[in-house]
Amino acid sequence: MIHRLTSATLALSLGLTTVSLPAPSAQAAMAKKRKKKPSFDTEAHAAQRTEAQDGARAAADGGDLEGAADQLQTAAAESGDPVLYLDAADMILRAARDNRSIDTAENSREPARIALDVLYFLDDEHADPDWKVADPFPTADLITRANEHMEKVDELIAEIEAEEEAARAAAAAEEDGKKKKKKREKKPGTGMLIAGGTLAGVGLAGIGVMAAGIVQGKNAQAEVEDLAPVAPGDPDYPAFQDADSRGKRANTIAIVGATLAGIGLIGGATLIGLGIKKRKAGKNEEQASVWMAPSIGGVVVGGRF
Amino acid sequence: MTRIKTAFTGAALAAALTAPTPASAFAEATVEGCEEDLCLADGGNGKWKPDTRMSKKEKRKYRRRRGETSSLSLDVEGGRGTVFLDGRFLGVAPLSSVEIKPGPHDLQVRDGENVLAQGVLVASKKGGDLEATVTGG
């Protein structure tokens with residue numbers, strides 16, 4: 001047992017004595033290893049971001065918002081920088097606001113979505129801790145910015161849709177007004193033609209009435225002639241008187257019909273004639289034109305009135 | 001004593017099943033075709049291991065990769081997504097002909113907070129085309 005303990009003590013002491021300190025050169029190598037340069041150069045990335053932002057700002061100041069957005073998106077796609085993606089989204093939204101374009105506003109969502117993808121990934125355990133692409137901005141702030149962008153897009157789209165709806169309503173009202181005006185502006189002579197037509201109709205009806213009166217009168221006359229001669233007190237006298245009065249009434253009807261036919265046909269024809277004349281005159285007025293044509297040694301001016 | 005041993009073996013087995021697959025498993029149990037949220041086109045140029053990630057050791061091992069680069073094309077079926085390779089931004093789907101080094105790569109495709117595909121994509125040392133479709137879009 002003592003022998004065993006002695007061996008163990010010896011082994012321990014030997015072990016302690018053989019522990020060697022790292023040589024100075026090895027120490028330097030270890031320190032170098034510890035201070036390993038990160039694979040993502042934050043300073044260079046910040047410089048690239050600033051360069052892209054400056055270029056985009058210059059383009060935007062020159063009125064080229066789409067060009068500015070393209071520059072930002074290209075730079076963002078190279079590095080995956082969510083800040084540049086959000087800048088691009090803002091620039092596209094600015095263009096949409098200027099152009100009042102819903103499509104452009106919708107297009108501004110995608111860079112903001114990509115920014116959100118990157119930002120959520122940066123908070124994921126699978127992200128490379130050296131890849132500090134959003135620095136110096138906290139990801140939470142940038143996520144808020146992206147979500148606010150989406151809200152701004154919704155607001156702008158609602159605003160543009162309201163404007164378009166108002167414009168449509170105004171256009172419809174204007175169109176309606178034009179139609180009503182057109183309705184009110186009848187062709188010249190229309191009134192006369194309508195009155196003439198109505199009067200001619202009355203005249204034709206008068207002819208009918210006159211014809212009916214003549215037929216009735218003829219029948220009554222034949223009846224009277226059959227019963228004559230009769231004197232008051234004769235058994236046929238009431239029938240004679242009845243036929244006589246019917247004959248007189250038929251004559252009156254025929255006279256009234258003839259008068260109506262005469263007035264109606266003559267008046268109607270006159271008014272129709274005047275209406276046609278007026279319409280023709282109106283057409284000629286519409287077709288009046290002046291024309292010019294080159295001619296030998298000058299210009300010929302002509303017109304149609 | 002026997003009981004304790006059995007309990008320990010059970011715990012180790014459970015831990016092995018729940019823990020992410022170790023990097024050494026890349027050589028085996030690799031899958032071509034569709035697996036969970038990602039499909040690889042036939043051609044034998046790559047393998048997909050869903051829901052796994054490379055260990056630090058594996059990352060160190062594959063820092064210097066030898067072999068032909070592969071050309072990765074990736075699309076998200078019926079949606080959109082941003083692709084992250086080895087912990088960094090690769091691009092926005094659809095991606096076409098992006099050169100990737102041979103060996104395993106951590107791949108994640110996400111749409112905002114929603115992770116569409118996550119796993120290890122192994123590119124063949126022979127190179128060639130790698131066509132992937134994310135089906136979780």
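Caption draft 1: Looking closely at the overall build of chain B. For chain B, the count of helices and strands is two helices and 10 strands. Secondary structure elements of chain B, listed N to C terminal, follow the sequence α-β-β-β-α-β-β-β-β-β-β-β. Here the analysis covers contacts within chain B between residues at least 6 apart in sequence; of these, 64% occur between residues at least 24 apart.

Caption draft 2: Expanded view of helix H8 (residues 139-184) of chain A. Residue and element names in this part refer to chain A. The terminal C-alpha atoms of H8, which comprises 46 residues, lie 67 Å apart, in line with the 68 Å expected from a rise of 1.5 Å per residue. Those residues of H8 that sit buried are Thr 139, Leu 142, Ile 143, Ala 146, His 149, Met 150, Val 153, Leu 156, Ile 157 and Ile 160. Summarising the contacts, the buried residues of H8 are in contact with helix H5 (82-99), helix H6 (102-107) and helix H7 (109-122).

Caption draft 3: Local environment of a positive patch on the surface. Residues and elements named next belong to chain B. Taken together, the side chains of Lys 56, Lys 57, Arg 60, Lys 61, Arg 63, Arg 64, Arg 66 and Lys 125 define a basic patch exposed on the protein surface. Checked against the element boundaries, Arg 66 lands in the loop between helix H2 (56-61) and strand E4 (70-76). The class for Arg 66 is exposed, based on a relative accessible area of 74%.

Caption draft 4: Broad picture of the packing of helix H4 (residues 65-79) of chain A against H5 of chain A. Residues and elements named next belong to chain A. Closest axis-to-axis distance for the H4/H5 pair is 8 Å, and the angle between their directions is 160 degrees. As judged from the angle between their axes, H4 and H5 are roughly antiparallel. In the packing of H4 onto H5, the handedness of the crossing is left-handed. Here Leu 65, Glu 66, Ala 68, Ala 69, Leu 72, Gln 73, Ala 75, Ala 76, Ala 77 and Ser 79 of H4 lie close against H5, whose contacting residues are Leu 84, Tyr 85, Asp 87, Ala 88, Met 91, Ile 92, Arg 94, Ala 95, Asp 98 and Asn 99. When the residues that make up the contact of H4 with H5 are grouped by side-chain class, the tally is 13 nonpolar, three polar and four charged.

Caption draft 5: Structural context of the environment of Met 91 of chain A. Residue and element names in this part refer to chain A. As for its position among the elements, Met 91 is in helix H5. Accessibility expressed as a relative area gives 11% for Met 91, which makes it buried. Sequence-wise, Met 91 and Glu 66 are 25 residues apart; in three dimensions their C-alpha atoms are separated by 7.5 Å.

Caption draft 6: The arrangement of the nonpolar core in detail. Core analysis: the biggest nonpolar cluster contains 39 residues, and Met 91, Val 118, Leu 122 and Trp 131 of chain A together with Phe 89 of chain B have the highest contact counts within it. When contributions to this core are tallied by element, the ones reaching two or more residues are helix H3 (42-61), H4, H5, H7 and H8 of chain A. Setting aside residues no more than four positions away along its own chain, Leu 122 of chain A makes contact with Ala 127, Trp 131, Val 133, Ala 134 and Thr 139 of chain A. Of all hydrophobic cores here, the second largest spans 21 residues; its members include Leu 38, Ala 93, Leu 116 and Ala 117 of chain B.

Caption draft 7: Here's a closer look at a nonpolar patch on the surface. Side chains of Val 202, Val 256 and Leu 260 of chain A sit close together on the surface and give an oily, nonpolar patch of about 210 Å² of accessible area. Checked against the element boundaries, Val 256 of chain A lands in helix H10 (residues 237-287).

Caption draft 8: Local environment of the interface of chain B and chain A. Listed by partner, the interface residues are 17 residues for chain B and 21 residues for chain A. Carbon and sulfur atoms supply 53% of the area that chain B and chain A bury against each other, a total of about 1600 Å² over both sides. When the buried surface of chain B facing chain A is broken down by residue, Arg 80, Arg 88 and Phe 89 of chain B rank first, second and third, together holding 37% of it. For the pair chain B and chain A, the interface holds five salt bridges. Asp 117 of chain A is the partner of Arg 80 of chain B in a salt bridge, and the nearest nitrogen-oxygen pair spans 2.8 Å. There are 10 residue pairs in polar contact (both at pLDDT 80 or more) connecting chain B and chain A.

Parameters and conventions
- Residues numbered from 1 in each chain as written.
- Chains lettered and ligands numbered in written order.
- Predicted model: local features only at pLDDT ≥ 70, side-chain atom pairs only at ≥ 80, totals over all residues.
- Heavy atoms only, no water.
- Helix = DSSP H or I, 4+ residues; strand = E, 2+ residues; numbered from the N terminus.
- Contact = heavy atoms within 4.5 Å.
- Expected span 1.5 Å × (residues − 1).
- Buried < 20%, exposed > 50% of the residue type's maximum accessible area, 1.4 Å probe, protein only.
- Patch = residues over 30% accessible without salt bridge, like charges linked within 9 Å, V, L, I, M, F, W, Y side chains within 5 Å.
- Areas by Shrake-Rupley, 256 points an atom, 1.4 Å probe, with all protein chains shown as cover.
- Salt bridge = Lys/Arg side-chain N within 4 Å of Asp/Glu carboxyl O.
- Lys, Arg positive; Asp, Glu negative; His and termini not counted.
- Charge placed at Lys NZ, Arg CZ, Asp CG, Glu CD.
- Axes fitted to C-alpha atoms, helices over the stretch in contact; angles between N-to-C directions.
- Parallel < 35°, antiparallel > 145°, perpendicular 65-115°, else oblique.
- Left-handed = near helix turned anticlockwise from the far one by under 90°.
- Nonpolar A, V, L, I, M, F, W, Y, C, P; charged D, E, K, R; others polar.
- Core = buried A, V, L, I, M, F, W, Y, C linked by side-chain atoms within 4.5 Å.
- Buried area = accessible area lost by both parts, 1.4 Å probe.
- Polar contact = N/O pair within 3.5 Å; in protein donor to acceptor, adjacent residues only side chain to side chain.

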